[in-house]
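Close look at the chain arrangement
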Amino acid sequence: SLNAMLKDMQEILDARARAYNCSFSIALKSTLLNGGNVHVLSAGGASRATKFAWGSITKMWTGASIMQLIARGVLSLNEPAAPYIDEQLAKMKTISFPGMEGFGTLADLYGEAVNNVTLHNLLAMQSGIPDFDTANPSRSGPDLDPFRATVYSKPKMDFLEPLLMAEPWVALHKLTSTPGEGFHYSSTNFGLLGLVLAHHAGVTDIRLFNQSFFLPPSLSHVREEIDWALTGSPVDHGVVAGYDRTDYNGQDPKKNPAGIDVGRVHGVFAGFTASDFVGTTSAVAELGHALWGSSSLLLPKAYRDLMVPKLHSHDFRTSFYGLASQNVGLMGITGGTGEYAIAYGHLGATYGYDSILAYNPKLDLAIAVASNIETPDQLQPSDTFCRVFNRAKNFMIGEAVQKCTFVQSGYYGGTCTCK
């Protein structure tokens, strides 16, 4: 029964909260599950109303906003992005926006080749523009992250564009790859897409940009559960306290198992429209289903389908990233085969928080998982998703209840096993 499923999921979540010593919240939405109602479960001190910082989950909403403009004919997927961004930068210079010293155009930062970078290249992580995020997990040596150290040393600093795009390790006056080739994850791409959105919204001061404009009237209730943290800290935006338990830059989780409290660190939201989304798991599940689900509330289906990664290839380099989306099924988190192995959406990791939103089309099921800790391997969202997804599948297709475990085998992968 539905009640038995929810009871089992609550037990799963309670056990995960104890195992990881953190707050958890999950939300599920499917048109095939109880009339499409959202189901929310929480543990470890969280509640239905708890807001989390969602990191790169933001990229899906930024991508959907761009695709809305493309669907309306305002933009073209394969047109260069630089003209829009350069016009936005010129407007921002008129108000002496912080971080604009010493340059005026993208070409000033990345060379003339950047003028060939298209909106598609930015959405697909194929621009060749370096990442401002310097997290570099290592399997053989110390984990280093110079930008993280800067964020923690300047806790009241807001790290927006254009400051980030002009950092010396980003502004190399050349691209690091040919636009349209390969896969090169860079959050800088989505900060630049935010400048395109601000330009078309007529907003000169991007600190005032409200990305909720992309929500249709049918999702107006979601606006009450979300925020865009362009400035300020998690505490300022009513977000549950988050803790960095990584081992970057010599941090020692064994000596400080609770982790670094990032509640008052503005840089948790560094990246503008790459990482500034705040909300409840209920809101994320609703938005995720509105984007990827059968209703296609956020985009016409033809344009939504352009965003979906390649689902029937196991080549990570060519199939992991679509347009503002990740093929998280390649990470082994579903434990299924055939159509039940498929899941796409996005991971969300930022300082002090790890999360995931994943959608399975066979079940028309979107699941959001949020935690208020950041760990070196980002294991806890995948582990929880594996167990919750399969318990939902058991109920929805009428199969016997299974017990599942997730064993990680790499930074982005593992094995979900159910018996």
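In the block above lies the structure referred to throughout.
Residue positions are given per chain, counting from 1 as you read along its sequence in written order. Where local features are concerned, this predicted model is filtered to residues with pLDDT of at least 70; where side-chain atom pairs are given and counted, the filter is 80 or more; whole-chain, interface and lining totals use all residues. The basis for every side-chain value is the complete set of heavy atoms in the structure, and neither hydrogens nor water enter the calculation.

**Some words on the overall build of the protein chain**
Helix and strand counts for the protein chain come out as eleven helices and 13 strands. In summary, the protein chain has a C-alpha radius of gyration of 20 Å against a globular reference of 22 Å for 419 residues, a match within 12%. Based on the C-alpha atoms only, the size of the protein chain along its principal axes is roughly 60 × 50 × 40 Å. Any pair of residues with heavy atoms lying within 4.5 Å of one another is described as a contacting pair. Here the analysis covers contacts within the protein chain between residues at least 6 apart in sequence; of these, 68% occur between residues at least 24 apart. Counted charges follow a simple rule, with Lys and Arg positive, Asp and Glu negative, and His plus the chain ends left uncounted. Charge coordinates come from a single atom per side chain, which is NZ of Lys, CZ of Arg, CG of Asp or CD of Glu. Of the charged side chains in the protein chain, 31 are positive and 37 negative; the average position of the first set lies 7 Å away from that of the second. Runs of H or I in DSSP of at least four residues are treated as helices and runs of E of at least two as strands, each being numbered from the N terminus. Within these notes, the globule rule equals 2.2 Å times the number of residues to the 0.38 power, and the radius of gyration is based on C-alpha atoms.

**Side note on the sheet that holds strand 2 (residues 39-43)**
Spatial strand order, 2-1-10-9-8: five strands in an open sheet with antiparallel pairing. Where the open sheet ends on each side, the last strands, each with one partner, are strand 2 and strand 8 (344-350). When the angles between neighbouring strand axes are averaged without regard to direction, this sheet yields 10°. To define axes, lines are fitted to C-alpha atoms, for helices over the stretch in contact only, and angles between the resulting N-to-C directions are given on a 0 to 180 degree scale. Relative to strand 10 (residues 365-371), helix 11 (residues 379-396) is tilted by about 150°, and along the sheet it contacts strand 1 (24-30), strand 9 (353-360) and strand 10. Whether two strands pair comes down to DSSP finding at least two bridges between them.

**Points about the packing of helix 1 (residues 2-20) against helix 11**
The angle between the axes and the distance between the axes are what describe a pair of packed helices. Put simply, helix 1 and helix 11 touch, their axes get as near as 10 Å, and they point 165° apart. The angle between the axes of helix 1 and helix 11 places the two elements in the roughly antiparallel class. Crossing handedness for the pair helix 1 and helix 11: right-handed. Between helix 1 and helix 11, the contacting residues are Leu-2, Ala-4, Met-5, Asp-8, Met-9, Ile-12, Leu-13, Arg-16 and Tyr-20 on the first element and Leu-379, Gln-380, Asp-383, Thr-384, Arg-387, Val-388, Arg-391, Ala-392 and Phe-395 on the second. Throughout, the ten residues Ala, Val, Leu, Ile, Met, Phe, Trp, Tyr, Cys and Pro are labelled nonpolar, Asp, Glu, Lys and Arg are labelled charged, and all others, Gly among them, are labelled polar. Here the contact of helix 1 with helix 11 is built from residues that sort into eleven nonpolar, two polar and five charged. In what follows, roughly perpendicular refers to angles from 65 to 115 degrees, roughly parallel to angles under 35, roughly antiparallel to angles over 145, and oblique to any angle outside these ranges. Should the near helix be turned anticlockwise from the far one by less than a right angle, the crossing is left-handed, and should it be turned clockwise, the crossing is right-handed.

**Side note on unusual backbone geometry**
The residue after Glu-161, namely Pro-162, is reached through a cis peptide bond having omega 5°. Tracing the sequence through the fold places Pro-162 in the loop between helix 6 (146-153) and helix 7 (188-201). Residue Ser-296 is not a glycine yet carries a positive backbone phi of 50°. Positionally, Ser-296 belongs in the loop between helix 8 (281-292) and helix 9 (301-307). According to the relative accessible area criterion, Ser-296 is buried, its value standing at 15%. Positioned with a positive phi, Ala-324 is a non-glycine residue whose angle comes to about 55°. Within the secondary structure layout, Ala-324 lies in the loop between helix 10 (316-319) and strand 8. The buried label applies to any residue whose accessible area, calculated with a 1.4 Å probe on protein chains only, is under 20% of its type's maximum; exposed applies above 50%, and partly exposed to all values in between. Residue class for Ala-324 comes out buried when judged on its relative accessible area of 0%.

Geometric values such as these leave the question of function open.
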